[in-house]
Amino acid sequence: MLSNTQHSLDKLETLLKSLGYKVRYEKGNFKTAACLLEHSKIVVINRFSNIETKIGSLMGILRDVPTAGVELDEKQRQFLRSIKQTRLTI
């Protein structure tokens, strides 16, 4: 599990960018901290959400994005694999 720090958020953003997604922080009335615009590969994060919510939302998005045919280095592949194997528990 990732710690709720800015460093963890930065790692998730970097991974999304490596997968070809653009990460934007906007203000809005989101039910969660982020939304994914599939066809344009844009992730919009509510800038007013707390860091824990942002991290949880990005991890949820990363679990569902297709990664076939994307070149990642070994560290990023392992990080993505650990995210996909982790499930949120409440």
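Glancing now at the nonpolar core. Leu12, Leu15, Leu16 and Leu62 are the most contacted members of the largest nonpolar core, which has 20 residues in total. Where this core is concerned, the elements lending two or more residues are α1 (6-18), β3 (42-46), α2 (51-64) and α3 (74-85). With five residues, α2 is the largest single contributor of residues to this core. Once you skip the residues sitting within four places of it in the chain, Leu16 turns out to touch Tyr21, Val23, Val43, Leu58, Ile61 and Leu62.

Regular strands show a simple pattern: their side chains alternate between the two faces of the sheet. Among the five residues of β3, five are classified as buried, and the element is accordingly described as predominantly covered. With five bridges connecting them, strand β1 (residues 22-26) and β3 associate as parallel partners. Of the residues in β3, the one forming a bridge with Tyr25 is Ile45.

Before going further, it helps to examine α3. End to end, α3 covers 17 Å across 12 residues, agreeing with the expected 16 Å (1.5 Å per residue, within 8%). When we look at burial in α3, the residues that qualify are Gln76, Phe79, Leu80 and Ile83. Taken down its axis, α3 places every buried residue within 95° of arc, on the same side. Elements in contact with the buried residues of α3: α1 and α2.

This part covers the packing of aromatic side chains. Counted under the stated rule, the structure contains zero aromatic pairs. Above the ring of Phe79, the side-chain terminus of Lys11 is found at 4.6 Å from the ring centroid. In this structure, Lys41 packs its charged tip against the face of Tyr21, placed 5.3 Å from the ring centre.

Before going further, it helps to examine the pattern of salt bridges. Summed over the entire model, instances satisfying the criterion amount to two salt bridges. The shortest N-O distance in the salt bridge between Arg24 and Glu26 comes to 3.3 Å. A relative accessible area of 28% places Glu26 in the partly exposed class. Here Arg77 ties to Glu74 by a salt bridge, and the two come within 2.5 Å at their closest N and O atoms. Pair noted here: Arg77 and Glu74 are both in helix α3, with a separation of three residues, about one helical turn. Under the relative-accessibility criterion, Glu74 is labelled partly exposed at 39%.

The rules we used
- Residues numbered from 1 in each chain as written.
- Predicted model: local features only at pLDDT ≥ 70, side-chain atom pairs only at ≥ 80, totals over all residues.
- Heavy atoms only, no water.
- Core = buried A, V, L, I, M, F, W, Y, C linked by side-chain atoms within 4.5 Å.
- Buried < 20%, exposed > 50% of the residue type's maximum accessible area, 1.4 Å probe, protein only.
- Helix = DSSP H or I, 4+ residues; strand = E, 2+ residues; numbered from the N terminus.
- Contact = heavy atoms within 4.5 Å.
- Pairing = 2+ DSSP bridges.
- Expected span 1.5 Å × (residues − 1).
- Arc of directions from axis to C-beta.
- Phe/Tyr/Trp six-rings, centres within 6.5 Å; stacked < 30°, edge-to-face > 60°.
- Lys NZ or Arg CZ within 6 Å of the ring centre and 35° of its normal.
- Salt bridge = Lys/Arg side-chain N within 4 Å of Asp/Glu carboxyl O.

Keep in mind these numbers describe shape, not what the thing actually does.
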